[in-house]
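Structural overview
What follows is each chain in one-letter form.
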Amino acid sequence: NINIKSYVLFNQINVTQKQYTHVKVWDNVNKKGDIVPAVKRILKDSNGNIKDQSYYVEYQKLRFSAPIDKPHSLRPLSPPLPLLDELLNSPGHTNSTLLPSTYLSGSNKKTLPLPPFLTLLSTQLLHPFFLFQTFCCLLWSLDEYWYYSLITFVMLIFFECTLCWNRLKGIQRLRHTVSTETVLECYRGGWRRMLSSEIA
C-alpha cells in the first residue's frame, strides 16, 4: 500500500518549499498510484547563471509539475497546441527550441523496466491462492504424514519460481521488440535522416 509506504519511509512537507525528493501520485480514474522520484530542472542563461529551478515527476511516461497555487494537484507538462498556419510554416526544431521541447515531452525512447526476480516472487507468494495452499499444507502437516505436505510446499515454491522466470523471459522478449530504433526523415530546417529515439 502506497499510503503505508509513504507514511513509513517519507516525511510530508509543503510542495512550495521546493526541497522534496519524491511525490506520491494517485490516479483517481484508475484508482491506483505510486511514489515517484522528483526530478530537478535547472535553467541557465547564456552566461551560465541559474535563471530558474523547478521540479517535475514522471508517472506512466508522462511528465507532471506541481503548481504553486495548487500544491496538491499535478499539472501535465505539455506544450501549447500550435495553430495550423504555424505547423505549415514551421522550420522544424532548432538548437534553441529542441531543449525545451525535450524537457516537456521527454525522449522518444520506450523503456520497459525489468523487475528483479525476488520482487516478482514476493508478489506471487502474496497471492490469495498461494496463501490458501500454504495454509492447507500447514493443516496437512498436523497429520502424521507431514513429509507429504512438506514436499507439496516445496513443489509449490518451485512452481511459483517457474512462473516468475517465465514472466521475466516474456518481459525480456518484449523489451527487445520495443527497443528497436528506425531511421526516419525529419524536418529540421531541411530534411534529415535521424533515429526515432532522437526525435523530440
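Here goes a summary of the coordinates provided. (Residues numbered from 1 in each chain as written. Predicted model: local features only at pLDDT ≥ 70, side-chain atom pairs only at ≥ 80, totals over all residues. Heavy atoms only, no water.)

1. Some words on the environment of valine 23
With respect to the element layout, valine 23 can be found in strand β1 (residues 22-27). With near-sequence residues (within four places) excluded, valine 23 lies in contact with Asp34, Ile35, Val36, Ala38 and Val57. (Helix = DSSP H or I, 4+ residues; strand = E, 2+ residues; numbered from the N terminus. Contact = heavy atoms within 4.5 Å.)

2. A word on the packing of aromatic side chains
In total, this model carries two aromatic pairs according to the counting rule given. Judged by centre distance (5.8 Å) and plane angle (75°), the rings of tryptophan 146 and tyrosine 147 are edge-to-face. On the accessibility criterion, tyrosine 147 (37% relative accessible area) is partly exposed. Geometrically, the ring pair formed by tyrosine 147 and tyrosine 148 is tilted, given 4.8 Å between the ring centres and 50° between the ring planes. (Phe/Tyr/Trp six-rings, centres within 6.5 Å; stacked < 30°, edge-to-face > 60°. Buried < 20%, exposed > 50% of the residue type's maximum accessible area, 1.4 Å probe, protein only.)

3. Quick look at the packing of helix α5 (residues 128-141) against helix α6 (residues 146-178)
Each pair of packed helices can be summarised by the angle the axes make with each other and by the distance between the axes. At a minimum axis distance of 8 Å, the contact between α5 and α6 shows a crossing angle of 165°. Between α5 and α6, the angle falls in the class roughly antiparallel. Relative to α6, the crossing made by α5 is left-handed. In contact with Phe130, Gln133, Thr134, Cys137, Trp140 and Ser141 of α5, α6 contributes Trp146, Ser149, Thr152, Phe153, Leu156, Ile157 and Glu160. When its residues are assigned to classes, the contact of α5 with α6 shows seven nonpolar, five polar and one charged. (Axes fitted to C-alpha atoms, helices over the stretch in contact; angles between N-to-C directions. Parallel < 35°, antiparallel > 145°, perpendicular 65-115°, else oblique. Left-handed = near helix turned anticlockwise from the far one by under 90°. Nonpolar A, V, L, I, M, F, W, Y, C, P; charged D, E, K, R; others polar.)

By themselves, these observations are geometric and do not establish any function.
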